[in-house]
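# Observations on the three-dimensional arrangement
Below, each chain spelled out in residue letters.
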Amino acid sequence: YKDGDSVRTFLEVVKNLRHGTLRNKLGERALYLKFGPMDTSVEDEQLRRTTISYRDHIGGVVTSNTIGTQEPKLDNGDSAILVNNGKAGMSGPGCVSAGSEQLQLWNASRNNRDMKIISVLGVGYGDEAYQRMLDGADAVQAVSAFYWPDLVGKDSAGAVFDSFAKGFSDVHQSIISTT
């Protein structure tokens, strides 16, 4: 995902597909590119802009669903969290600020152009899902809390769903009440 040349090559292949843009059953552009964590560097900004320039050929992007396991550190300097023995990054509701930041970076690069952004990473509550949509996400993925309900202090995926829906609804109602 950080290899801009490979991403551009892939996007050119997609652009030049013999049968045109890939579409889903609803006729919408169907291909979404998923990226790892990005930052404000020139290279990452250029990669976002390049991807967005191909928006007529892709459905959109999926923001990073994990962040590196570099922090926090133990006293001996090793990572305190080693997901899959250090081969994967962290995710889940504890990463809410990182997920929000990834959305902000893509949204700023998109600059109101027609390209969908699916925001992932850190969405464990309904109010966070709603906030991401207010912040420009076209869709939100909330998975970790349903797989591991104890991440959000629940006993089952059903309890997570009920809490998630209520949080989403409560925030929506409070916004309507204040407008």
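Throughout what follows, the structure given in this document is the object of discussion.

About the thresholds
- Residues numbered from 1 in each chain as written.
- Predicted model: local features only at pLDDT ≥ 70, side-chain atom pairs only at ≥ 80, totals over all residues.
- Heavy atoms only, no water.
- Pairing = 2+ DSSP bridges.
- Helix = DSSP H or I, 4+ residues; strand = E, 2+ residues; numbered from the N terminus.
- Expected span 1.5 Å × (residues − 1).
- Buried < 20%, exposed > 50% of the residue type's maximum accessible area, 1.4 Å probe, protein only.
- Contact = heavy atoms within 4.5 Å.
- Core = buried A, V, L, I, M, F, W, Y, C linked by side-chain atoms within 4.5 Å.
- Patch = residues over 30% accessible without salt bridge, like charges linked within 9 Å, V, L, I, M, F, W, Y side chains within 5 Å.
- Areas by Shrake-Rupley, 256 points an atom, 1.4 Å probe, with all protein chains shown as cover.
- Salt bridge = Lys/Arg side-chain N within 4 Å of Asp/Glu carboxyl O.

It is worth spelling out the sheet that holds strand 1 (residues 32-34) at this point. With respect to topology, four strands assemble into an open sheet ordered 1-2-3-4, the strand pairing being parallel. In the strand order of this sheet, the two ends are held by strand 1 and strand 4 (139-140), each with one partner. The sheet contact formed by strand 3 (residues 116-119) and strand 4 spans two bridges and is parallel. Its bridge partner being in strand 4, S119 is matched across the sheet by V140.

Right, let's get into helix 2 (residues 42-53). Spanning twelve residues, helix 2 covers 16 Å between terminal C-alpha atoms, matching the ideal 16 Å at 1.5 Å per step. Buried within helix 2 we find D44, E45, L47, R48, T50, T51 and I52. Considering only its buried residues, helix 2 is in contact with helix 1 (4-15), strand 1, strand 2 (60-62) and helix 3 (96-110).

Counting 16 residues, the largest nonpolar core has L11, F35, I58, V61, W106 and M115 as its most contacted members. For this core, the elements supplying multiple residues, two or more each, are helix 1, helix 2 and helix 3. Tallying contributions element by element places helix 1 first for this core, with three residues. Discounting chain neighbours no more than four positions away, the residues touching I58 are L11, V14, R29, L31, L33, T51 and M115.

Once that is clear, we can look at a nonpolar patch on the surface. Taken together, the side chains of V143, Y147, W148 and L151 define a hydrophobic patch exposed on the protein surface, amounting to about 450 Å² of accessible area. Tracing the chain through its elements places V143 in the loop between strand 4 and helix 5 (144-147). What makes V143 partly exposed here is its relative accessible area of 33%.

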